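# Coordinate analysis (summary)
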Amino acid sequence: MSEKRGHTTTATIQASLKKRYARERRFQWYGRLAVLTGFIFLFVLLFDIIIKGSPAFVQHYIKVDIDLSAEQLGIGSLASSDEIAQADYEGVIKSSLRAMFPEVSDRKEKKQLYRLISIGAQYSLRDRVLKNPSLIGTTQEVWLRAHAEAGSYLKGQVAADLPESDRKVKDHQIVWLDTLQAEGRTESRFNTSFFTSGDSREPEMAGIKAALYGSFYTMLVTFFLAFPIGVMAAVYLEEFAARNRLTDLIEININNLAAVPSIVFGLLGLAVFINFFGLPRSAPLVGGIVLSLMTLPTIIITSRAAIQSVSPSIREAALGVGASKLQTVFHHVLPVAMPGILTGSIIGMAQALGESAPLLMIGMVAFIMDAPSGVTDPSTVLPIQIFLWADSPERGFTEKTSAAIMVLMAFLILMNGLAVFLRKRFELK
């Protein structure tokens, strides 16, 4: 009887173990499936951004025979630099295009012909003549930047078999562009102006230079405010502050501030720093202060966690050989905790780099063409530039938006890589 009962108990335990192991295996597969799903979504997102953004790094140019005679430019033979700068370069380009396609006579067709060339081409031609006035009186083969719509066709983004009403590149423009391609008068180049130009109403002329400078100055202010204040606050709270109701209240508020929506910090910056203190609107100085307030809780929390992870034996050894509390903290505890502190700080800075909501509230959504030269000049930042371009209807801005996202993601990856590098370096020391 006892043998039968023991056999039944063993069978029951084995059945229970089989069910337990089966549940564990299913749970592991669920975890693998979740990780795989996350990687698939991430890959699809990155692939879509790269596919849409990569054409923005290519710019097409059209070679035009430009008649730079003084008569065509509308200036005298002994014109001054000011007169040369004010010459009719737009008219010169238009007349050169008409000479290349003499069959174009209708007014509507002429407008379509002129639209093959970017509006900024006249300024690049002006700069070229100003740099070398001896070009006046000659005919030059000049590579002029193509308009965004013409460039989209040359990049293969416009299907010629679509009805004319469904595309911005018209039938006549397609014929002219095909003719220019057949004659070897079109060329694709790396779009350096994407990095060297500011924002523009024309997609082919728009760049991220002003946004890059604005992001740099804003992050500079954020770092020099948030990092020292955050680390010192963490050191004081962890090593020197007495454990009482006041410090408990401070810790609770720091943890709560880390969960406050970022737009609230933007409202604070608008109400206090701009309206009350009168700081310049749409400036990296105000943006940096706002982002430093938003980043402070993250830096304090991660710094405290890094300080807590330092072995108590290090403190005891330093105190045992006669070091003061201050010497123990700054000569022994902080160097050991620095990898974690730097990692948390850089991650907090990376989060601030991608923020747009608080900066919208302080006016950094303005249209900025020139790069700022300091922290008080009007500027914008990369996330805001992406927001502005995403709201534009032109196809050229769609690829510029994705390209700017790629640049922003590259900076974020670089900052996270820097955090890993610094952590490993300090750990080795």
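Residues numbered from 1 in each chain as written. Predicted model: local features only at pLDDT ≥ 70, side-chain atom pairs only at ≥ 80, totals over all residues. Heavy atoms only, no water.

Positive charge collects at one region of the surface, where Lys 19, Arg 20, Arg 23, Arg 25 and Arg 26 lie side by side. Inspection of the secondary structure puts Arg 25 in helix H1 (residues 2-53). Since its relative accessible area comes to 48%, Arg 25 is described here as partly exposed. (Patch = residues over 30% accessible without salt bridge, like charges linked within 9 Å, V, L, I, M, F, W, Y side chains within 5 Å. Areas by Shrake-Rupley, 256 points an atom, 1.4 Å probe, with all protein chains shown as cover. Salt bridge = Lys/Arg side-chain N within 4 Å of Asp/Glu carboxyl O. Lys, Arg positive; Asp, Glu negative; His and termini not counted. Charge placed at Lys NZ, Arg CZ, Asp CG, Glu CD. Helix = DSSP H or I, 4+ residues; strand = E, 2+ residues; numbered from the N terminus. Buried < 20%, exposed > 50% of the residue type's maximum accessible area, 1.4 Å probe, protein only.)

Taken as a whole and assessed by the stated rule, the structure comprises 14 aromatic pairs. Aromatic side chains Phe 57 and Phe 190 sit 6.4 Å apart centroid to centroid with 5° between the ring planes, which places their arrangement in the stacked category. Taken together, the positions of Phe 57 in the loop between H1 and strand S1 (58-67) and Phe 190 in strand S3 (residues 186-190) put the pair 133 residues apart, joining distant regions of the chain. By relative accessible area, Phe 57 is classed as buried at 16%. Taking the relative accessible area as the measure of exposure, Phe 190 reaches 51% and is therefore exposed. Aromatic side chains Phe 101 and Trp 176 sit 6.0 Å apart centroid to centroid with 45° between the ring planes, which places their arrangement in the tilted category. Separated by 75 residues along the polypeptide, Phe 101 in the loop between helix H4 (89-100) and helix H5 (107-114) and Trp 176 in helix H8 (residues 171-182) bring together distant segments of the chain. Of the two residues examined, Phe 101 and Trp 176, each falls in the buried class. (Phe/Tyr/Trp six-rings, centres within 6.5 Å; stacked < 30°, edge-to-face > 60°.)

Our focus in this paragraph is the side chain of Thr 295. The residue Thr 295 is located in helix H13 (residues 284-308) in this model. The class of Thr 295 is buried, set by a relative accessible area of 2%. Those residues within four positions of Thr 295 in sequence are excluded, and the remaining contacts are Thr 222, Ala 226, Gly 348, Met 349 and Ala 352. (Contact = heavy atoms within 4.5 Å.)

What the largest pocket holds in volume is close to 470 Å³. Lining the largest pocket are 18 residues, with Phe 216, Met 219, Met 349, Leu 353 and Met 415 sitting closest to its centre. Looking at which element gives the most residues to the lining of the largest pocket, the answer is helix H10 (residues 209-240), with eight residues. Looking at side-chain class alone, the lining of the largest pocket contains 16 nonpolar, two polar and no charged residues. (1 Å grid on protein atoms, 1.4 Å probe; cavity = no way out; pocket = protein on both sides within 12 Å on 5 of 7 lines; lining within 4 Å. Points joined across faces, edges and corners; volume = space filled by probe spheres on them. Nonpolar A, V, L, I, M, F, W, Y, C, P; charged D, E, K, R; others polar.)

So, about the packing of H5 against H8. For the pair H5 and H8, the least separation of the axes is 9 Å and the interaxial angle reads 50°. Considering the angle they form, H5 stands oblique to H8. Handedness of the crossing formed by H5 with H8: right-handed. Contacts from Glu 109, Gln 112 and Leu 113 in H5 reach His 172, Gln 173 and Trp 176 in H8. Tallied by class, the residues present in the contact of H5 with H8 amount to two nonpolar, three polar and one charged. (Axes fitted to C-alpha atoms, helices over the stretch in contact; angles between N-to-C directions. Parallel < 35°, antiparallel > 145°, perpendicular 65-115°, else oblique. Left-handed = near helix turned anticlockwise from the far one by under 90°.)

For the rest of this paragraph, the subject is helix H6 (residues 121-131). If you check which residues of H6 are buried, you get Ala 121, Gln 122, Leu 125 and Val 129. Burial along H6 is one-sided: seen end-on, the buried residues are contained in an arc of 95°. The inward-facing, buried residues of H6 contact S1, helix H3 (81-85), H4 and strand S2 (139-145). (Arc of directions from axis to C-beta.)

Another aspect to go through is the pairing of S1. The element S1 is largely enclosed, with a buried count of seven among its ten residues. Bridge count for S1 against S3 is five bridges, and the pairing is antiparallel. Bridge pairing in S3 links His 60 to Ser 188. Pairing geometry for S1 and S2, over seven bridges, is antiparallel. Residue pairing for S2: Ile 66 is matched across the bridge by Gln 140. (Pairing = 2+ DSSP bridges.)

Take the environment of Ile 307 next. Secondary-structure assignment places Ile 307 in helix H13. By relative accessible area, which is 1% here, Ile 307 ends up buried. C-alpha of Ile 307 to C-alpha of Met 338: the two residues are 31 residues apart in sequence and 8.4 Å apart in space. Leave out the neighbours within four places in its chain, and Ile 307 touches Ala 234, Val 235, Glu 238, Glu 239, Arg 315, Val 333, Ala 337 and Ile 341.

On to the pattern of salt bridges. Side chains that carry opposite charge are capable of pairing whenever their charged atoms lie near each other. In the structure shown here, the tally under the stated rule is 15 salt bridges. Where Asp 65 meets Arg 185, a salt bridge forms, and the shortest distance between an N and an O atom there is 3.0 Å. Taken together, the residues span a long stretch of sequence, with Asp 65 in strand S1 and Arg 185 in the loop between H8 and S3 at a distance of 120 residues. When its relative accessible area of 29% is taken as the criterion, Asp 65 is described as partly exposed. Notably, a salt bridge pairs Lys 155 with Glu 399, separated by 2.9 Å at the nearest N-O pair. Taken together, the positions of Lys 155 in the loop between helix H7 (148-154) and H8 and Glu 399 in helix H18 (residues 395-428) put the pair 244 residues apart, joining distant regions of the chain. A relative accessible area of 26% means that Lys 155 is categorised as partly exposed. What emerges from the salt-bridge pattern is a single network uniting Glu 238, Arg 243, Glu 251 and Arg 304.

Time to look at empty space enclosed by the protein. One water molecule sets the probe size; rolling that probe over the atoms shows where empty space is left. In this structure the tally under the stated criterion is one cavity of 30 Å³ or more. By volume, the largest cavity is sized at about 30 Å³. If you list the elements that add at least two residues to the lining of the largest cavity, you get H10 and helix H15 (325-353). When residues in the lining of the largest cavity are grouped by element, the largest group, three residues, is from H10. Residue composition of the lining of the largest cavity, grouped by class: seven nonpolar, two polar and one charged.

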